[in-house]
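Residue-level listing of the chains:
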Amino acid sequence: MEYELRWGRNTWFVALIVSGIIGVSILLMSYWGMGETWHGLYYVPLLGYYVMLSICQSHYFKIKPVPSWNGLARQWVSITGAVFIFYGHIFLMKDVIGIPPSLIMTSQFMFILLGFFFFGMDDFMFKGQLSKWLKHDALKAIFWYAIVWVVWFFIFAFSWGLSGALGDFNGDRCLWFMGSFQWVIMMSMMIAITWKDYLDTVKFRSNYDRGIKLLTFSLVAGFAIGFMCYQIVSFLGPEIPEADKWHHVLYMGTYPLIPIILFGLYSNHFNDIRDVKRKTQYRTLWIAGWVIAGWLIFRLVISQTGIFGEHVWWHHFDLVFNFTVSIIALSHHWFCGRVGFMKEKSCCCCHCDD
């Protein structure tokens with residue numbers, strides 16, 4: 001049985017409205033219902049772990065992508081798992097490893113960012129080559145979880161590492177890495193969704209060759225875009241402290257989420273353009289345009305309503321807003337096959353995406 005988008009190329013508008021309503025409702029319940037302190041201390045890191053576990057499930061505990069509400073149980077796995085990991089990591093980081101209590105939140109965010117990347121990297125870039133020696137998907141998930149811990153130690157914990165949390169902590173370097181690395185994650189998502197069709201036409205010597213080249217590109221492009229965003233923030237607010245500038249670069253790195261996911265999975269994704277290279281260029285320009293538009297819309301419209309409280313422009317709600325709205329649509333695709341947004345094809349001979 002074949003399926004198509006219920007409203008064709010316009011389905012992404014409907015999905016955006018639905019995800020927006022659900023996402024804003026969740027944020028309002030967290031911020032106003034539970035309070036700003038609870039929101040900052042619990043909702044934000046729990047959201048991060050929820051996203052990380054959902055990425056893990058989508059790659060290593062796969063289900064058939066057929067429209068069905070049965071996948072809702074996967075949402076509860078991510079939600080309950082996020083709670084257990086959140087408290088478990090507090091114990092491990094603070095009581096076992098010795099991270100100072102004042103750095104535990106930053107420590108968790110660093111782990112979450114690394115988890116976002118490593119749970120998808122092998123599939124996106126290396127076509128699963130790096131962990132194919134493990135015969136069970138659950139073992140692959142455990143393997144990458146362990147890799148995240150190792151990288152987290154070298155980057156964040158060790159006294160001689162990048163951040164040096166167990167010694168003389170360097171907050172500027174830590175936020176420089178986190179802000180830049182968020183853009184590396186966005187490059188990874190572009191590879192997985194936006195550029196996938198084009199990359200399938202590129203001839204690589206092997207999956208290792210493919211992975212090394214795409215990984216190198218993601219790192220170079222991600223850090224370069226991060227630096228460019230830093231220059232923009234410095235121009236707009238030269239008085240902003242250095243660490244806060246890089247913190248906003250991290251926030252800026254969440255704006256590609258909604259257009260990549262909503263347009264990439266809930267529209268025809270410019271598939272009416274038959275030339276793959278040209279189609280990929282249109283997709284990239286579309287996302288770049290929406291990143292700029294999204295940043296302006298949040299700054300000039302959403303934040304001005306006061307719906308999420310009063311905050312300085314470089315440290316507002318855009319990060320959790322972009323993540324909450326986009327992950328609703330993405331996890332619905334992963335776990336429920338976009339049920340409600342898909343329908344059976346009316347004509348079996350029709351191959352049109354819109």
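This section reports on the structure supplied with the text. (Residues numbered from 1 in each chain as written. Predicted model: local features only at pLDDT ≥ 70, side-chain atom pairs only at ≥ 80, totals over all residues. Heavy atoms only, no water.)

Concerning the packing of helix 2 (residues 36-60) against helix 12 (residues 318-336)
Two elements in contact, helix 2 and helix 12, have axes separated by 11 Å at closest approach and are oriented at 30°. It follows from the interaxial angle that helix 2 and helix 12 lie roughly parallel. Every pair of crossing elements has a handedness; the one defined by helix 2 and helix 12 is left-handed. The segment helix 2 lies against helix 12, with His 39, Tyr 43, Val 44, Leu 47, Tyr 50, Val 51, Ser 54, Ile 55, Gln 57 and Ser 58 engaging Val 320, Phe 323, Thr 324, Ile 327, Ser 331, Trp 334 and Phe 335. Taken together, the residues that form the contact of helix 2 with helix 12 break down as 11 nonpolar, six polar and no charged. (Axes fitted to C-alpha atoms, helices over the stretch in contact; angles between N-to-C directions. Helix = DSSP H or I, 4+ residues; strand = E, 2+ residues; numbered from the N terminus. Parallel < 35°, antiparallel > 145°, perpendicular 65-115°, else oblique. Left-handed = near helix turned anticlockwise from the far one by under 90°. Contact = heavy atoms within 4.5 Å. Nonpolar A, V, L, I, M, F, W, Y, C, P; charged D, E, K, R; others polar.)

A closer look at the packing of aromatic side chains
The way to describe two aromatic rings as a pair is by their centre distance and the angle between their planes. Enumeration according to the criterion identifies 46 aromatic pairs in this entry. Each ring, one from Phe 111 and one from Tyr 145, has its centre 5.8 Å from the other, and the planes form 65°; the classification is edge-to-face. Of this pair, Phe 111 sits in helix 4 (residues 104-126) while Tyr 145 sits in helix 5 (residues 137-157), and the two are 34 residues apart along the sequence. Classification of Phe 111 by relative accessible area gives buried; the value is 0%. (Phe/Tyr/Trp six-rings, centres within 6.5 Å; stacked < 30°, edge-to-face > 60°. Buried < 20%, exposed > 50% of the residue type's maximum accessible area, 1.4 Å probe, protein only.)

Structural notes on the pattern of salt bridges
Per the counting criterion, the structure on display carries 10 salt bridges. For the salt bridge of Asp 209 with Lys 213, the shortest nitrogen-to-oxygen distance reads 3.3 Å. With Asp 209 and Lys 213 both in helix 8 (residues 207-236) and four residues apart, this pair spans about one turn of that helix. Overall, the relative accessible area of 9% leaves Asp 209 in the buried class. The class for Lys 213 is partly exposed, based on a relative accessible area of 42%. One network of salt bridges, in which partners are shared, links Lys 127, Lys 196 and Asp 200. (Salt bridge = Lys/Arg side-chain N within 4 Å of Asp/Glu carboxyl O.)

Some thoughts on the side chain of His 248
For His 248, the location among the structural elements is in helix 9 (residues 242-252). Within the structure, His 248 has its side chain in polar contact with the backbone oxygen of Trp 314 (distance 3.1 Å). Contacts of His 248, omitting those with residues within four sequence positions, involve Val 233, Trp 295, Arg 299, Trp 313, Trp 314 and Asp 318. (Polar contact = N/O pair within 3.5 Å; in protein donor to acceptor, adjacent residues only side chain to side chain.)

Keep in mind that these numbers describe shape and distance, not what the molecule does.
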